[in-house]
Amino acid sequence: MAARFSLILTKGTHLVDESTRRHILAAIENRERVVEIPVDRYQDGMTTMATVVTSHVVAFFPLDAQDDVALPSNVTPLVRRG
């Protein structure tokens, strides 16, 4: 997975790629309650499937444009290490 976005949820942040971001946005637009997606939980490049409740999606932040985004004080974006 080439993680390109921080997926900010009400209870955590995960790394996702562009196709996963589009999949989540489509689920939200279609008013689906849950969506199954792969997430990079530990920022190690490995993914695991997760069921995300769409009402818990807060925001997506592109990893390559972190400096351009003013984040609230309670949000810390994750970036790939190494």
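The paragraphs below set out a description of the structure included in this document. (Residues numbered from 1 in each chain as written. Predicted model: local features only at pLDDT ≥ 70, side-chain atom pairs only at ≥ 80, totals over all residues. Heavy atoms only, no water.)

In this section: the overall build of the protein chain. The secondary structure content of the protein chain amounts to one helix and five strands. In sequence order, the secondary structure elements of the protein chain are arranged as β-β-α-β-β-β. Buried residues in the protein chain amount to 34% of all 82 residues. Once local pairs closer than 6 in sequence are excluded, the contacts in the protein chain between residues at least 24 apart make up 47%. For the protein chain, the computed accessible surface area is about 5400 Å², with 50% contributed by carbon and sulfur atoms. (Helix = DSSP H or I, 4+ residues; strand = E, 2+ residues; numbered from the N terminus. Buried < 20%, exposed > 50% of the residue type's maximum accessible area, 1.4 Å probe, protein only. Contact = heavy atoms within 4.5 Å. Areas by Shrake-Rupley, 256 points an atom, 1.4 Å probe, with all protein chains shown as cover.)

As a further point, take the packing of aromatic side chains. Here the structure, examined in full by the defined rule, presents zero aromatic pairs. Positioned above the aromatic ring of Phe5 is the side chain of Arg21, whose terminal nitrogen or guanidinium carbon lies 4.9 Å from the ring centre. (Phe/Tyr/Trp six-rings, centres within 6.5 Å; stacked < 30°, edge-to-face > 60°. Lys NZ or Arg CZ within 6 Å of the ring centre and 35° of its normal.)

To continue, consider the environment of Arg41. Here Arg41 shows up in the loop between strand 3 (34-39) and strand 4 (48-53). On the basis of relative accessible area, Arg41 is assigned to the partly exposed category, the value being 44%. Through-space distance from the C-alpha of Arg41 to that of Val16 is 9.4 Å; in sequence the pair is 25 residues apart. Among residues more than four places away in sequence, those in contact with Arg41 are His14, Met46 and Thr48.

Strand order in the open sheet made by the three strands is 2-1-5, with antiparallel pairing throughout. Both edges of this open sheet fall to strand 2 (12-16) and strand 5 (57-62), since each of them pairs with a single strand only. Ignoring which end each strand starts from, the neighbouring axes of this sheet average 25° apart. Along the sheet face, helix 1 (residues 18-29) touches strand 1 (5-9), strand 2 and strand 5 and points at about 150° away from the line of strand 5. (Pairing = 2+ DSSP bridges. Axes fitted to C-alpha atoms, helices over the stretch in contact; angles between N-to-C directions.)

Here we take up unusual backbone geometry. Outside of glycine, negative phi angles account for most residues, and trans bonds account for most peptide bonds. Phi is positive for Arg31, which is not a glycine, with a value near 60°. When you line up the elements, Arg31 lands in the loop between helix 1 and strand 3.

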